[in-house]
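Inside the fold
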Amino acid sequence: MSDESKAADEVAEKPAEKQVSEPKPVADRKSNEFVGVDLADDDDDDTGAETNTDTVTEAVAVVAVEEKPAEEKPVPATDAAADAGKPAERVVSEDDVVEPEFSITGSLPEPRTKILAVLAVGVLALDVLTKVLSVAFLEGADPVKLFGGVLYLTFVRNPGAAFGMAEGMTWILALIALGVAGFILWISRNLRSQPWAVGLGLVLGGAVGNLADRLFREPGPMRGHVVDFLSLFDPFGRVWPVFNVADMAIVCGGATIVVLALMQHDYDGTVHKEEKKVDA
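Residues numbered from 1 in each chain as written. Predicted model: local features only at pLDDT ≥ 70, side-chain atom pairs only at ≥ 80, totals over all residues. Heavy atoms only, no water.

Points about the overall build of the protein
- Helices and strands together make up the secondary structure of the protein, namely seven helices and five strands.
- Seen in sequence order, the protein has helices and strands lined up from the N terminus as α-β-β-α-α-α-β-β-α-α-β-α.
- With 280 residues in all, the protein has 24% of them scored as buried.
- Long-range contacts, defined as pairs at least 24 residues apart, comprise 60% of the intrachain contacts of the protein with a sequence gap of at least 6.
- Carbon together with sulfur atoms contributes 61% to the accessible area of the protein, which is approximately 20600 Å² in total. (Helix = DSSP H or I, 4+ residues; strand = E, 2+ residues; numbered from the N terminus. Buried < 20%, exposed > 50% of the residue type's maximum accessible area, 1.4 Å probe, protein only. Contact = heavy atoms within 4.5 Å. Areas by Shrake-Rupley, 256 points an atom, 1.4 Å probe, with all protein chains shown as cover.)

Examining the pattern of salt bridges
- Applying the stated rule across the entire model yields five salt bridges.
- Ionic pairing is found between Lys131 and Asp213, a salt bridge with its closest N-O pair at 2.7 Å. A residue pair is termed long-range when its members are at least 10 positions apart, and Lys131 in helix H4 (residues 113-137) and Asp213 in helix H6 (residues 194-216) qualify at 82 residues. Pair check on accessibility: Lys131 and Asp213 agree, each one buried.
- Linking Arg217 and Asp213 is a salt bridge whose minimum nitrogen-to-oxygen distance equals 2.8 Å. (Salt bridge = Lys/Arg side-chain N within 4 Å of Asp/Glu carboxyl O.)

Focus on the side chain of Asn244
- Mapped onto the elements of the fold, Asn244 is located in the loop between strand E5 (226-232) and helix H7 (245-262).
- A distance of 3.4 Å separates polar atoms of two side chains, one belonging to Asn244 and the other to Asn210.
- A polar contact is formed between the side chain of Asn244 and the backbone oxygen of Val227, at a distance of 2.9 Å.
- The residues contacting Asn244, other than those within four sequence positions of it, are Asp127, Lys131, Asn210, Val226, Val227, Asp228, Phe229 and Leu230. (Polar contact = N/O pair within 3.5 Å; in protein donor to acceptor, adjacent residues only side chain to side chain.)

Regarding the packing of H4 against H7
- It is the contact of H4 with H7, at a shortest axis distance of 8 Å, that shows an interaxial angle of 150 degrees. Regarding the angle of H4 to H7, the classification is roughly antiparallel. Every residue of H7 that contacts H4 at Val123, Leu126, Asp127 and Thr130 is listed here: Val245, Ala246 and Ala249.
- Among the residues forming the contact of H4 with H7, the class breakdown is five nonpolar, one polar and one charged. (Axes fitted to C-alpha atoms, helices over the stretch in contact; angles between N-to-C directions. Parallel < 35°, antiparallel > 145°, perpendicular 65-115°, else oblique. Nonpolar A, V, L, I, M, F, W, Y, C, P; charged D, E, K, R; others polar.)

Observations regarding the environment of Asn158
- Secondary-structure assignment places Asn158 in strand E4 (residues 151-158).
- Here Asn158 falls in the buried class, since its relative accessible area comes to 14%.
- The sequence separation of Asn158 and Phe243 amounts to 85 residues, and the corresponding C-alpha distance is 9.3 Å.
- Excluding residues that lie within four positions of it along the chain, Asn158 makes contacts with His225, Val226 and Asp228.
- Reaching out from Asn158, the side chain makes a polar contact with the backbone nitrogen of Gly160 at a distance of 3.0 Å.

Some details on the side chain of Asn210
- Note that Asn210 resides in helix H6.
- Once you skip the residues sitting within four places of it in the chain, Asn210 turns out to touch Asp127, Lys131, Val226, Asn244, Ala246, Asp247 and Ile250.

Concerning the sheet that holds strand E3 (residues 144-146)
- Strand order in the open sheet formed by three strands is E3-E4-E5, and the pairing between neighbours is antiparallel. Strands at the two margins of the open sheet, each flanked by one partner only, are E3 and E5. Ignoring which end each strand starts from, the neighbouring axes of this sheet average 35 degrees apart.
- Relative to E4, E3 runs antiparallel, the two sharing three bridges. Considered in E4, the bridge of Val144 is made with Leu153.
- The strands that H4 touches are E4 and E5; relative to E5, the one it contacts most, it runs at about 85 degrees. (Pairing = 2+ DSSP bridges.)

Encoded structure:
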């Protein structure tokens, strides 16, 4: 036998050895390093080998997708300039929120001095206008009958108070009017009740209206006579004293104040309520 035939016989006598293919490198998704993967033996069917090959291909494709940098969208120049000019927004946390403090004055109503001033000025203007007209058209003329004799327009110069009282004491009445006006102005700082503002405004306007007559009309300062021109049911004031607009305002304002005081409503907006006692 030749050497070639001997070698062939030796190979045929040896049992078939399993052929193991070398592991193929596979890319790790996290570290991007290649790690070994054992493939199936040659004795396995062809289907297993194809599956391993597809797995390696998919792993490489995933790594390639992850390594691809994200595309940055271009920012318009106008938006970038606008953002650069804006101040940085401050992030406010719950700890930064400050609750407003309780204020006693904030819980009170607003002062009603505007109502007081408007009413007082309105009453004074109307009183002065009507007195000027009465002096111009009623002095020395016959009384004018209105509403079937319910009201008469007449003319009287009053040196005292109503019903003929305090004649010759004009200066005392002037001082009283000054005191009333000053007191109303003093309490108006804390005036927070609208009804009180109405009542005090009427009284203030009427008091100043009659005070102006006592200061500036004849016969002289602090001795001037008040002009009256309204009379009820009689042209000469024999049923009710002759009066004027200032007198009406004083009476209406005073009545309003009395009602509010009886209802226990203060000028500062406080309402006093009596507590009912419950018998045990």
